[in-house]
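Okay, here's what each chain looks like letter by letter:
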Amino acid sequence: MPALKLMCLKCKANLQDTDEIHVTNCGHLYHFPCLQEWLSRENRCFQCRHENPTACRINLVLNEELAASAPSAPSAASASSAASAPSDPDVDLLAKLNSTLTKHFELQAQLRDAELNCMTLVKQYSLEQHQRKKLEQRISELANYEEEFLQLHAQYSKAEQRVKLLTQDNERLIVENEQRKEQLVLKASEISALQESLKAILMAHSNNTETQLLDFEAQSSHYEERLRLLQQENRQLALDNEYKTKELASKLGEIATLKEFRQGNVNLHNGNKSFLGMEQKLKSITAQLEKEISNSVQLSIDKIKLQSQIQRIEVQIKSNQTEFSNERDYPNGRRT
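Residues numbered from 1 in each chain as written. Predicted model: local features only at pLDDT ≥ 70, side-chain atom pairs only at ≥ 80, totals over all residues. Heavy atoms only, no water.

With that settled, consider the overall build of the chain. Check the secondary structure of the chain and you find five helices and three strands. Listed by position from the N terminus, the elements making up the chain come as β-β-α-β-α-α-α-α. Counting across all 336 residues of the chain, residues that qualify as buried make up 16%. Surface exposure of the chain reaches about 26200 Å², of which carbon and sulfur atoms provide 56%. (Helix = DSSP H or I, 4+ residues; strand = E, 2+ residues; numbered from the N terminus. Buried < 20%, exposed > 50% of the residue type's maximum accessible area, 1.4 Å probe, protein only. Areas by Shrake-Rupley, 256 points an atom, 1.4 Å probe, with all protein chains shown as cover.)

Before going further, it helps to examine the pattern of salt bridges. If you walk through the whole model with that rule in mind, you get ten salt bridges. Salt-bridge contacts for Glu-242 lead to Lys-246; the nearest nitrogen and oxygen are separated by 3.9 Å. Separated by four residues within a single helix, Glu-242 and Lys-246 lie in helix H4 (residues 89-264), roughly one turn from each other. Each of Lys-10, Glu-37 and Arg-41 takes part in a single network of salt bridges with overlapping partners. (Salt bridge = Lys/Arg side-chain N within 4 Å of Asp/Glu carboxyl O.)

This next bit is on the layout of surface pockets. Empty space among the atoms becomes visible once a probe the size of a water molecule is rolled across them. Computed from the structure, the second largest pocket encloses a volume of approximately 250 Å³. Taken together, 17 residues make up the lining of the second largest pocket; nearest its centre are Val-23, Leu-29, Ile-58, Leu-97 and Thr-100. Listed by contribution, the elements that provide at least two residues to the lining of the second largest pocket are strand E1 (21-24), strand E3 (55-58) and H4. Element by element, the count of residues in the lining of the second largest pocket is highest for H4, at six residues. Tallied by class, residues from the lining of the second largest pocket come to nine nonpolar, seven polar and one charged. (1 Å grid on protein atoms, 1.4 Å probe; cavity = no way out; pocket = protein on both sides within 12 Å on 5 of 7 lines; lining within 4 Å. Points joined across faces, edges and corners; volume = space filled by probe spheres on them. Nonpolar A, V, L, I, M, F, W, Y, C, P; charged D, E, K, R; others polar.)

Another point: a nonpolar patch on the surface. Together, Ile-293, Val-297 and Ile-301 give the surface a local cluster of nonpolar side chains, amounting to about 220 Å² of exposed area. Along the chain, the position of Ile-301 falls in helix H5 (residues 274-329). According to the relative accessible area criterion, Ile-301 is partly exposed, its value standing at 35%. (Patch = residues over 30% accessible without salt bridge, like charges linked within 9 Å, V, L, I, M, F, W, Y side chains within 5 Å.)

In this section: the confidence of the model for the chain. Looking at the chain as a whole, the pLDDT averages 77, with 79% of positions reaching at least 70. Model confidence for the chain, summarised as mean pLDDT per element, is weakest for helix H3 (residues 76-84) at 38 and strongest for helix H1 (residues 32-41) at 91. Every residue in residues 66-87 is under pLDDT 50, and counting partners more than four places away or in other chains gives three contacts. (pLDDT = per-residue confidence, 0-100. Contact = heavy atoms within 4.5 Å.)

The next thing to look at is unusual backbone geometry. For Lys-12, which is not a glycine, the phi torsion comes out positive at approximately 65°. Looking at where Lys-12 falls in the secondary structure, it is placed in the segment before E1. Phi is positive for Asn-52, close to 50°, though the residue is something other than glycine. Within the fold, Asn-52 resides in the loop between H1 and E3.

Before going further, it helps to examine the packing of aromatic side chains. Scanning the entire structure with this criterion turns up one aromatic pair. Judged by centre distance (5.0 Å) and plane angle (90°), the rings of Trp-38 and Phe-46 are edge-to-face. Residue classification places Trp-38 among the buried positions, given a relative accessible area of 8%. Note that Lys-10 overlies the ring of Phe-46, its terminal NZ or CZ placed 5.6 Å from the centroid. Of note, Arg-49 hangs over the ring of Phe-46, and the distance from its end group to the ring centre comes to 6.0 Å. (Phe/Tyr/Trp six-rings, centres within 6.5 Å; stacked < 30°, edge-to-face > 60°. Lys NZ or Arg CZ within 6 Å of the ring centre and 35° of its normal.)

By the secondary structure assignment, His-22 is in strand E1. Taking the relative accessible area as the measure of exposure, His-22 reaches 8% and is therefore buried.

What holds strands together in a sheet is hydrogen bonding between their backbones, with the strands either parallel or antiparallel. Ordered in space as E2-E1-E3, the three strands form an open sheet in which the pairing is antiparallel. With partners counted over all chains shown, the strands left at the sheet margins are strand E2 (29-31) and E3, one partner each. Averaged over neighbouring strand pairs, the angle between their axes works out to 40° when direction is ignored. With four bridges joining them, E1 and E3 adopt antiparallel strand pairing. Opposite Thr-24, over in E3, you have Ala-55 as the bridge partner. Along the sheet face, H1 touches E1, E2 and E3 and points at about 95° away from the line of E2. (Pairing = 2+ DSSP bridges. Axes fitted to C-alpha atoms, helices over the stretch in contact; angles between N-to-C directions.)

So, in structure tokens, the structure goes:
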């Protein structure tokens, strides 16, 4: 019988006689350090992922030299004694081991099939999950559509109510429009009547305007004549004032001469008879000069009064011209 070659499923090394070998309750062989290191991290079998595996130590004879040193051709006595003696426990153990390994290989094949089935199931599960997500998304979309439908239905109800209100308003506006048309017809008739009356008033006013125009022209001519006379009087007063001013200046010069003469001949006043005549002449000239001064002052006052009167007349003429132009441009008495 050839020697068995077994392998540790964790480190993938061949098992030796000197190794400490353990087997799990799910039928997998490991080095004890390998199994111990794995179970310290995971609570499952390294090969088949069996939960909470239990392990026990086994002793295996795996050396080919021991198998070769065994007797190949026993003697007849030994053969007869072997036939009559019970079977060797190691042979039974090897037979059990072979049976176990056969089952192990079968289980591995089943495990591979199960893994393939599991992968298939995982793919199907993934597809189902994907389909489930799509369905959930579709359901959420349908829920949103339902909510939108409800909102649109509410909006439609409001719009329908609004349409009813607008229809009622439209009917009311039609009635009001008819009433307004009737009122417009009445207003148009009133306007035509007012236009006729306005034409009559304008005709009468135009006649009055012509009469006022004639009066205004007559009044303007009177004012212009009065202004012309006042201007002539003003020019005459100016000439008289200029003449009086020159005469006053000459009188003042004569008075100054007489004063100088009087001062130069003050000692001869008592003995000179002709001086009395000069003094009388001086007094008369002084009185005349005072009279001329008062006349000149009165002329200046009259001139000022005349100028103010001329200004008032000019203002009145301008006012009359403005009023007449307004009446001519706006015969209705209104301005835009």
